[in-house]
Amino acid sequence: MFEEIRLIKPKIIVALGEKAFVHLYPNLLLKGGFSSIRGSILKNENSLILPTFSPEWISKNPSFENIFIDDLSKIKGVI
């Protein structure tokens with residue numbers, strides 16, 4: 001997986017959920033946990049990372065859908 005990311009050289013990676021983020025970047029999780037970085041655009045090597053809610057979590061917590069959409073809209077400013 002990391003070799004694929006290195007070869008593709010994505011400009012931005014959207015980590016959908018805490019498990020995906022921690023699997024990809026365990027060293028970037030701060031003491032405040034996932035909620036402290038969710039929605040932030042982080043820089044790692046040659047890519048930017050946007051950690052946000054997973055679609056499964058949003059389906060169980062629909063009141064957070066607007067926050068999820070706001071997180072995703074941040075991609076526009078980067079691309």
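This section reports on the structure supplied with the text.

What counts, and at which threshold
Residues numbered from 1 in each chain as written. Predicted model: local features only at pLDDT ≥ 70, side-chain atom pairs only at ≥ 80, totals over all residues. Heavy atoms only, no water. Pairing = 2+ DSSP bridges. Helix = DSSP H or I, 4+ residues; strand = E, 2+ residues; numbered from the N terminus. Axes fitted to C-alpha atoms, helices over the stretch in contact; angles between N-to-C directions. Buried < 20%, exposed > 50% of the residue type's maximum accessible area, 1.4 Å probe, protein only. Contact = heavy atoms within 4.5 Å. Patch = residues over 30% accessible without salt bridge, like charges linked within 9 Å, V, L, I, M, F, W, Y side chains within 5 Å. Areas by Shrake-Rupley, 256 points an atom, 1.4 Å probe, with all protein chains shown as cover. Salt bridge = Lys/Arg side-chain N within 4 Å of Asp/Glu carboxyl O. Arc of directions from axis to C-beta. Core = buried A, V, L, I, M, F, W, Y, C linked by side-chain atoms within 4.5 Å.

**Digging into the sheet that holds strand β1 (residues 12-16)**
Strand order in the open sheet made by the 3 strands is β1-β3-β2, with mixed pairing throughout. A single partner strand is all that each edge strand has here, and the edge strands are β1 and β2 (42-44). Each strand of the sheet is rotated relative to its neighbour by a mean of 35 degrees, with strand direction disregarded. By the bridge criterion, 5 bridges tie β1 to strand β3 (residues 47-52) in an arrangement that is parallel. Bridge assignment links A15 to a residue of β3, and that residue is P51.

**Focus on the environment of A15**
By the element assignment, A15 lies in strand β1. With relative accessibility at 1%, the residue A15 sits in the buried group. Sequence separation between A15 and P51 is 36 residues, and the spatial gap between their C-alpha atoms is 4.7 Å. Ignoring anything within four residues of it in the chain, the contact list for A15 reads A20, F21, L50, P51 and T52.

**Focus: unusual backbone geometry**
Its identity as a non-glycine residue notwithstanding, K9 has a phi of 55 degrees, on the positive side. Structurally, K9 is set in the loop between α1 (2-8) and β1. A relative accessible area of 63% places K9 in the exposed class.

**As for a nonpolar patch on the surface**
Together, V14, L16 and L72 make up a nonpolar patch on the protein surface, roughly 190 Å² of accessible area in all. Tracing the backbone through its elements, the reader meets L72 in helix α5 (residues 65-78). Among the residues examined, L72 registers a relative accessible area of 31% and is labelled partly exposed.

**A few points about α5**
At 3.6 residues per turn, the α-helix brings residues three or four places apart onto the same side. For α5, the full list of buried residues reads F68, D71, I75 and V78. Buried residues of α5, viewed axially, fall in a sector of 70 degrees; they line one side. For α5, the exposed residues set more than 90 degrees away from the buried face come down to N66, K76 and G77.

**Description of the nonpolar core**
One recurring pattern in soluble globular proteins is that nonpolar side chains are buried together. Membership of the largest hydrophobic core is limited to 8 residues, which are I13, A15, F21, L24, Y25, F34, I37 and I49. For this core, the secondary structure elements donating two or more residues are β1, α2 (18-24) and α3 (34-37).

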